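Each chain, letter by letter, is given below.
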Amino acid sequence: MSLIKIWEFGQMSIFFGTFRRASLALGLLLPGAAMADWELNMPKGVTGISAEVYDLHMLIFLVCVVIAVVVFGAMIYSIFAHRKSLGVQPAKFSHSTKAEIIWTIIPIGILVAMAVPAADTLIRMEDTRNSDLTVKVTGYQWKWHYDYIDEGFGFFSTLDRQSDLARQVGSGIDPSTVDNYLLEVDNPLVVPVGAKVRLLMTANDVIHSWWVPELGGKKDAIPGYVNEFWFQAEEPGIYRGQCAELCGRDHGFMPVVVRVVPEAEYADFIAANAPPKAEVVPASLSAPASEAVIAVPAAAPAPVEWSMDVAMGEGEGLYNAHCGACHQPNGQGLAAAGFPAIAGSAVATGDIAAHIDIGVHGRPGTAMAAFGPQLSDEELAAIITYQRNAWGNGTGDLVTPADIAAAR
Amino acid sequence: MSTATTTHGHEDHGPTGIRRWLTTTNHKDIGTMYLVFSLLMFFVGGAMAMVIRAELFQPGLQLVDPGFFNQMTTMHALVMIFGAVMPAFVGLANWMVPLMVGAPDMALPRLNNWSFWILPFAFTLLLSTLFLPGGAPAGGWTMYPPLVLQTGNAFPFLIFSVHLMGISSIMGAINIIVTIMNMRAPGMTLLKMPLFVWTWLITAYLLILVMPVLAGAVTMLLTDKYFGTSFFLAAGGGDPVMFQHIFWFFGHPEVYIMILPAFGIISEIIPTFSRKPLFGYSSMVYATASIAFLSFIVWAHHMFTVGMPLAGQLFFMFATMLIAVPTGVKVFNWVATMWKGAMTFETPMLFALAFVFLFTIGGFSGLMLAIVPADVQYHDSYFVVAHFHYVLVPGAVFAIMAGVYYWLPKWTGYMYDEKMGKLHFWISAISVNLTFFPMHFVGLAGMPRRIPDYATQFADFNMIASVGAFVFGVSQLLFAWNIYKCARGGKKATAQVWEGAQGLEWTVPSPAPHHTFDTPPVVK
Ligand SMILES: [Cu+2]
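The model shown is predicted, which means the values in this text are computed figures rather than measured ones. (Residues numbered from 1 in each chain as written. Chains lettered and ligands numbered in written order. Predicted model: local features only at pLDDT ≥ 70, side-chain atom pairs only at ≥ 80, totals over all residues. Heavy atoms only, no water.)

(A) Just the overall build of chain A, in detail. Looking only at helices and strands, one finds 11 helices and 10 strands in chain A. Counting the 408 residues in chain A, one finds 49% classified as buried. Within chain A, contacts between residues separated by at least 24 positions form 64% of all contacts whose residues are at least 6 apart in sequence. Accessible surface computed for chain A: about 18,300 Å², of which carbon and sulfur atoms make up 61%. (Helix = DSSP H or I, 4+ residues; strand = E, 2+ residues; numbered from the N terminus. Buried < 20%, exposed > 50% of the residue type's maximum accessible area, 1.4 Å probe, protein only. Contact = heavy atoms within 4.5 Å. Areas by Shrake-Rupley, 256 points an atom, 1.4 Å probe, with all protein chains shown as cover.)

(B) Quick look at the packing of aromatic side chains. As enumerated under the stated definition, the model contains 64 aromatic pairs over all chains in all. With 6.3 Å between their ring centres and 85° between their planes, Phe-155 of chain A and Phe-269 of chain A make a pair best called edge-to-face. Note that Phe-155 of chain A is positioned in strand E3 (residues 153-157) and Phe-269 of chain A in helix H5 (residues 263-273), a separation of 114 residues in sequence. According to the relative accessible area criterion, Phe-269 of chain A is buried, its value standing at 2%. With a centroid separation of 5.2 Å and 75° between ring planes, the pair formed by Tyr-34 of chain B and Phe-116 of chain B is classed as edge-to-face. Placement of Tyr-34 of chain B in helix H3 (residues 27-55) and of Phe-116 of chain B in helix H5 (residues 109-128) is noted, with a sequence separation of 82 residues between them. Across the pair, Phe-116 of chain B and Tyr-34 of chain B agree in class, each one buried. Across the ring face of Trp-211 of chain A, the terminal group of Lys-218 of chain A is positioned such that the distance to the ring centre comes to 3.9 Å. Positioned over the ring face of Phe-93 of chain A is Lys-276 of chain B, at 3.8 Å from the centre of the ring. (Phe/Tyr/Trp six-rings, centres within 6.5 Å; stacked < 30°, edge-to-face > 60°. Lys NZ or Arg CZ within 6 Å of the ring centre and 35° of its normal.)

(C) Inspection of the packing of helix H6 (residues 308-322) of chain A against helix H10 (residues 377-389) of chain A at higher detail. Residues and elements named next belong to chain A. Viewed as axis vectors pointing N to C, H6 and H10 meet at an angle of 95°, and their least axial separation amounts to 7 Å. For the element pair H6 / H10, the angle class is roughly perpendicular. Seen from H6, the contacting residues are Met-308, Ala-311, Met-312, Glu-314, Gly-315, Glu-316, Leu-318 and Tyr-319; seen from H10, they are Glu-379, Ala-382, Ile-383, Thr-385, Tyr-386, Gln-387 and Asn-389. Here the residues of the contact of H6 with H10 sort into 8 nonpolar, 4 polar and 3 charged. (Axes fitted to C-alpha atoms, helices over the stretch in contact; angles between N-to-C directions. Parallel < 35°, antiparallel > 145°, perpendicular 65-115°, else oblique. Nonpolar A, V, L, I, M, F, W, Y, C, P; charged D, E, K, R; others polar.)

(D) Molecular detail of helix H12 (residues 324-338) of chain B. Residue and element names in this part refer to chain B. In this model, H12 (15 residues) spans 21 Å end to end at C-alpha, consistent with the 21 Å of a helix rising 1.5 Å per residue. Most of H12 is tucked away, with 14 of its 15 residues classed as buried. Downstream of H12 by one or two residues, Lys-340 has phi in the positive range, about 60°. (Expected span 1.5 Å × (residues − 1).)

(E) View of empty space enclosed by the protein. Within the structure shown, the criterion is met by 3 cavities of 30 Å³ or more. Lining of the largest cavity is provided by 16 residues; of these, Met-86, Pro-87, Val-90, Ser-168 and Ser-169 of chain B occupy positions nearest its centre. Going through the elements one at a time, helix H4 (66-101), helix H6 (154-182) and helix H7 (195-226) of chain B are the ones with two or more residues in the lining of the largest cavity. Here the element with the most residues in the lining of the largest cavity is H6 of chain B; it accounts for 6 residues. Each residue belonging to the lining of the largest cavity can be placed in one class, and the counts come to 13 nonpolar, 3 polar and no charged. Of the voids in this model, the second largest cavity is the one considered here, and its volume is about 50 Å³. Lining of the second largest cavity is provided by Val-206, Ile-207, Glu-245 and Leu-246 of chain A together with Gly-139, Thr-142, Tyr-144, Leu-147 and Arg-450 of chain B. (1 Å grid on protein atoms, 1.4 Å probe; cavity = no way out; pocket = protein on both sides within 12 Å on 5 of 7 lines; lining within 4 Å. Points joined across faces, edges and corners; volume = space filled by probe spheres on them.)

(F) Helix H10 (residues 281-294) of chain B, seen in detail. The end-to-end C-alpha distance of H10 of chain B, which contains 14 residues, comes to 20 Å, matching closely the 20 Å that a straight helix rising 1.5 Å per residue would cover. When H10 of chain B is considered as a whole, its buried residues turn out to be Ser-283, Met-284, Val-285, Ala-287, Thr-288, Ile-291, Ala-292 and Leu-294 of chain B.

(G) Representation of the pattern of salt bridges in the model. Evaluated as defined, the whole model comprises 20 salt bridges over all chains. Asp-127 of chain A is the partner of Arg-129 of chain A in a salt bridge, and the nearest nitrogen-oxygen pair spans 2.9 Å. As a salt-bridge pair, Arg-167 of chain A and Asp-164 of chain A come within 2.9 Å of each other at their nearest N and O atoms. Given a relative accessible area of 5%, Arg-167 of chain A falls into the buried group. Linked by salt bridges that have partners in common, Arg-161, Asp-164, Arg-167, Arg-249 and Asp-250 of chain A together with Asp-65 of chain B make up one network. (Salt bridge = Lys/Arg side-chain N within 4 Å of Asp/Glu carboxyl O.)

(H) Molecular detail of the nonpolar core. With 232 residues, the main nonpolar core has Phe-82, Phe-123, Met-143, Trp-334, Phe-355 and Trp-407 of chain B as its most contacted residues. If one sorts the elements of this core by residue count, H4 of chain B sits on top with 23 residues. Excluding residues within four positions of it along the chain, Phe-82 of chain B makes contact with Pro-87, Phe-123, Trp-141, Met-165, Met-211, Leu-214, Phe-250 and Glu-254 of chain B. In terms of nonpolar packing, the next biggest core, distinct from the first, is built from 44 residues, Val-137, Leu-189, Leu-215 and Val-258 of chain A among them. (Core = buried A, V, L, I, M, F, W, Y, C linked by side-chain atoms within 4.5 Å.)

(I) Focus on the packing of helix H15 (residues 382-412) of chain B against helix H17 (residues 459-488) of chain B. Residue and element names in this part refer to chain B. Relative to each other, H15 and H17 sit at 15°, their axes nearing to 10 Å. Classified by the angle between their axes, H15 and H17 sit roughly parallel to one another. Here H15 and H17 pass one another in a crossing that is left-handed. Residues Val-393, Phe-398, Met-401, Val-404, Tyr-405, Leu-408 and Thr-412 of H15 pack against Phe-472, Gln-476, Phe-479, Asn-482, Ile-483, Cys-486 and Ala-487 of H17. Taken together, the residues that form the contact of H15 with H17 break down as 11 nonpolar, 3 polar and no charged. (Left-handed = near helix turned anticlockwise from the far one by under 90°.)

(J) Structural detail: the coordination of the copper ion. Residue and element names in this part refer to chain A. With distances of 2.0 to 2.6 Å, the protein atoms coordinating the copper ion are His-208 (ND1), Cys-243 (SG), Cys-247 (SG) and Met-254 (SD). Geometry at the copper ion is tetrahedral, judged from the 4 donor atoms that bind it and their angles of 92 to 131° at the metal. For the copper ion, the single-chain donor residues occur in sequence as H-x34-C-x3-C-x6-M. You'll find Cys-247 and Met-254 in the same group, each marked buried. (Donors = N, O, S within 2.8 Å, 3.2 Å for Na, K, Ca; no water. Tetrahedral: all angles 85-135°; square planar, octahedral: opposite > 155°, others 65-115°.)

(K) The arrangement of the interface of chain A and chain B in detail. Contacts between chain A and chain B engage 96 residues on the former and 101 residues on the latter. Note on chain A versus chain B: buried area summed over both sides is about 8,400 Å², and carbon and sulfur give 72% of it. Its largest share of buried area at the contact with chain B, chain A owes to Met-75, Trp-103 and Leu-246 of chain A, together 8% of the area lost on that side. Applying the counting criterion to the chain A and chain B interface returns 2 salt bridges. The salt bridge partner of Lys-84 of chain A is Glu-499 of chain B, with a shortest N-O separation of 3.0 Å. At the boundary of chain A with chain B, the tally comes to 24 residue pairs in polar contact (both at pLDDT 80 or more). Of all the secondary-structure elements, those providing two or more residues to the side of chain A that touches chain B are helix H1 (2-29), helix H2 (48-81), helix H3 (97-125), strand E7 (217-221) and strand E9 (237-243) of chain A. Among the elements that make up the side of chain A that touches chain B, the one with the highest residue count is H2 of chain A (16 residues). A class-by-class count of the residues in the side of chain A that touches chain B yields 59 nonpolar, 22 polar and 15 charged. (Buried area = accessible area lost by both parts, 1.4 Å probe. Polar contact = N/O pair within 3.5 Å; in protein donor to acceptor, adjacent residues only side chain to side chain.)

Quick look at the structure:
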């Protein structure tokens, strides 16, 4: 691997360095271009595997560059030296068995030399044994759900509100004013540093793919399959990625954010979110959630009495997170994409039972999924109440969690 | 033998005007129709690419809804692959294969007429979905279920147009095989055939083997959607990954279907303008055949992230890496052909040289993509978009353009405008790199493909790519204008056209008369 190291500190930095300067110069010509980050290469990442992958990537890149120099060099020389305008007479040869054997054998040798380290890394990547922690990851259109199966809780992770507002067509919000535009979520996945985290990937509707470059790769989340992926992050930090498999209209808007935190912080996170267990929880762990810890609506019991204000208050945020992508935050839907308006809709202003039914069971064969399995009774009750009263729908109906439970 | 009219004046009793084109069974007429159709689709697909690049010009959604963006990426791919690149190669085969093997026409002329005339219907069907409520298909040209099953009214249109394209391709392929096998001039043994004919022979076999597989896959989609089957639906006991295996069993040979004839064209042009015979003719033939064989055992390298068993991943990695060997042989042979030649640099040669450089860059990124651990990072990112556009645009499309400039004088009887051709070349060659090279960087840095909007750190390279794409798009008008001008008149072309050209097609006058080789030439 010393070859790679030399490469890295030698040509690599010169080449990319020059390119960086050249591209910055070009950037100056482009008004409004954000100058700060010119990412050019694969990140080295923060896991052992991601570093190995990076080394393999640089090695194969180096091999390609060397071959390119030889082949393109010969070609360019020939283009300049063997041209008719110089008065040369064309040679007559049309084959050379020796040359042909040489340029078949040498590439085979190079390929074998590449295949060995690649296979070696691959075998390690596939070894999901002895994990410290397992999280089930479910892809939905268009959000992720993380289940801490050992701890008995889980939550959705959706594009954060700031990005979501800015990304609407013609929103008038400049994306460069939004922190981590399109790469921020409401509730990130939280894992402890140094732990071997095993992710079990599946999907609820269509195929998605969970990708965080700094954690060394991606894995498809496929309905009916449970795929395994693991990483062991060596440094605390926030690592960002996106869904990589086309999954419909908002494929570009389902980021992945992973917070790798110190052990103690992770324990706080679990304590704040896990449902109370039978054993007595140590006082220090049941302390109120700190700023850094994510409050998870799904796990929180409904503490207050169910009322119109509570339902409408919760309903708005939940509606925007779970339904807004299609029916739009303003309730107008997107006729062109086949997403009906909720504002003034016959269903949302008509029979309550029919409205609850479509929320819980969806409409099979359309993009309208069944939300019964995804959301709690309280959440659905809040959303449907919100739909029935917002944007001038004004039915005055209050749907209760019990109504939802009865419709399941 | 001086002009077209005197040689076949007795033929002119057939229908004229539009009916001539509807009913023609002449391989040259049909070749022309294929090529014109392909050019038209190149601009339709190109317009969609312009929409994509305009939306990606800067972060934020300025112009289109994300759903429409997905329709554009899906339709751009379908139109370019099945409407522009494949018909262009079939058109070139129609025109040139009979001329190159000394045959009077294609073996099955009526089938030939039908293979072409299916295409306008297929694409009318496909493009009409843009005007349906719910819009065009938006699930990607790869049509992965379950997503593609969410397509609305456009779904049956998609399936049936794919069926029609498949029928057209299979019929065209049968015709080419039968022509090559049965209609060669006396003395034209298989190993004397020009490489363009060889590559097309092999391509035609690939088409016959894989188009029915695609037809089967999309038919299963159709029954999953409308007839209650669950081939690909997990809820009914089906398997969404099985579709991917079936699709790529078609899809991987398909990418060679789009590049082998390009290899053939380049192998004609480089010797002509190097004034030196092709280096390693027989190893070129064997390399083409090995690439074709390998193309059937590498399909799952498109699916390294679906969770295949380790052994499967290793097998597909090794098999994929192997393809680099015969492909390398081809590139080395082209360079050796140029070596110690006496080169001139007319437009066809310029495009051919750019092809060798830029296709090779696409080959390098292909080799990188074969390395599974690294592919797990590259997969479904813009790195892949850069890779396949390098092999398809400065690869396949440049080869088609090289071929068009090369044979245009033979078709029209006039020389095209060389100055304009060179201008077209230089603008295209520079802008194509401006468009696709930066995509490597954003892909490596983490930008997924098929997204309408992106995080701000990808902004600068996307802007460069968009500028490149607009320039590339506009410069293709030069190409169309040059062809149009050349068809209308210009400097008269000789039969030989190019000083160093070899082969039967250069023994007939320019323009090639309506009927050629009524008595077969004898090849020594
Ligand atoms: Cu997704």
